[in-house]
Amino acid sequence: MHQQIFITLPAKDLARTKAFWQALGYGLDPKFSGDNAVSVILGEHIRLMLANEETFTHFSHKAVCDTSQALEVLHALSFDSREHVDALIAKAIAAGAVVPDEAEDHGFMYAQGFYDPDGHGWNCCAWSTPADC
């Protein structure tokens, strides 16, 4: 099994991106953060690596996705309650996120999404029972 998961994304303005994730209440991992990248602690073994676009281009031979025109991937974060989803969405909006749609309640799952300041898509969901996630 994997020991950790690192999701690496490009950031247009690293200082703004760092402030956004801190405003949502996430901590930073100084071991993996520096002038060109920041490591956001999403979970015990999950890190979101945000690298400035120049640094990010060293990780791949493909062009960086223009998130104003296309979505490269949709990330999902699970929460233990609808209230926690709503609280994070409120913080995200206050910190500059764009919420494209209304929240959806499917009975077994409650979900709401946002685009962060770099245009990356995030879904936040709470399942009706913790075993469902």
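Reading the values: the criteria
Every chain is numbered on its own, with residues counted from 1 as its sequence reads. Since the coordinates come from a predicted model, pLDDT governs what is reported: local features require at least 70, and pairs of side-chain atoms require 80 or more to be given and counted, while whole-chain, interface and lining totals use all residues. Remark: hydrogens and water are excluded; side-chain values derive from all non-hydrogen atoms of the structure. Put simply, DSSP marks the helices as runs of H or I at least four residues long and the strands as runs of E at least two long, and each gets a number from the N terminus on. It is over C-alpha atoms that the radius of gyration is taken, and the globule rule equals 2.2 Å times the number of residues to the power 0.38. To sort residues, take the accessible area from a 1.4 Å probe on protein chains only and compare it with the maximum for the residue type: under 20% means buried, over 50% means exposed, and anything in between is partly exposed. Contacts between residues were defined by any pair of non-hydrogen atoms, one from each residue, lying within 4.5 Å. Identification of polar contacts relies on pairs of N or O atoms within 3.5 Å, with a donor-acceptor requirement for protein atoms, meaning one able to donate a hydrogen and the other able to accept it, and with residues adjacent in sequence counted only if both atoms are side-chain atoms. Nonpolar cores are built from buried Ala, Val, Leu, Ile, Met, Phe, Trp, Tyr and Cys residues. Side-chain atoms within 4.5 Å join them into one set. Salt bridge, as applied in this entry: a Lys or Arg side-chain nitrogen positioned within 4 Å of an Asp or Glu carboxyl oxygen.

(A) Focus on the overall build of the chain. When you go through the chain residue by residue, the secondary structure sums to three helices and eight strands. For the chain, the α and β elements follow one another from N to C terminus as β-α-β-β-β-α-β-α-β-β-β. Whereas a compact globule of 133 residues would reach a radius of gyration of roughly 14 Å, the chain reaches 15 Å, a difference of no more than 12%. Principal-axis analysis of the C-alpha atoms places the extent of the chain at approximately 45 × 35 × 25 Å. The buried share of the chain, taken over its 133 residues, is 37%. In the chain, 52% of the contacts between residues at least 6 apart in sequence involve partners at least 24 apart.

(B) Spatial organisation of the side chain of His120. Tracing the backbone through its elements, the reader meets His120 in the loop between strand E7 (109–115) and strand E8 (121–127). Side-chain polar atoms of His120 contact the backbone oxygen of Pro10, separated by 2.8 Å. A polar side-chain atom of His120 sits 2.7 Å from a polar atom in the side chain of Glu72. In this view, His120 contacts Leu9, Pro10, Thr67, Leu71, Glu72, Phe114 and Tyr115; residues no more than four positions away in its chain are not counted.

(C) Region of interest: the nonpolar core. Counting residues in each nonpolar core, the largest one holds 24 residues, and the members touching the most others are Trp21, Tyr26, Leu50 and Phe114. With four residues, helix H3 (residues 82–94) is the single largest residue contributor to this core. In this view, Trp21 contacts Tyr26, Val40, Leu42, Leu48, Leu50, Phe114, Asp116 and Trp122; residues no more than four positions away in its chain are not counted.

(D) Layout of the pattern of salt bridges. Taken as a whole, this structure holds four salt bridges when the rule is applied. Residues Asp118 and Arg16 are paired through a salt bridge, measuring 3.2 Å at the closest nitrogen-oxygen approach. Placement of Asp118 in the loop between E7 and E8 and of Arg16 in helix H1 (residues 14–23) is noted, with a sequence separation of 102 residues between them. Classification of Asp118 as buried rests on a relative accessible area of 4%. Judged by relative accessible area, Arg16 falls into the partly exposed class, the value being 35%. The residue Arg47 makes a salt bridge to Asp29 at a minimum N-O spacing of 3.1 Å. Placement of the pair is Arg47 in strand E4 (residues 46–52) and Asp29 in the loop between strand E2 (27–28) and strand E3 (37–43), with a sequence separation of 18 residues. When sorted by exposure, Arg47 lands in the same class as Asp29, which is buried.

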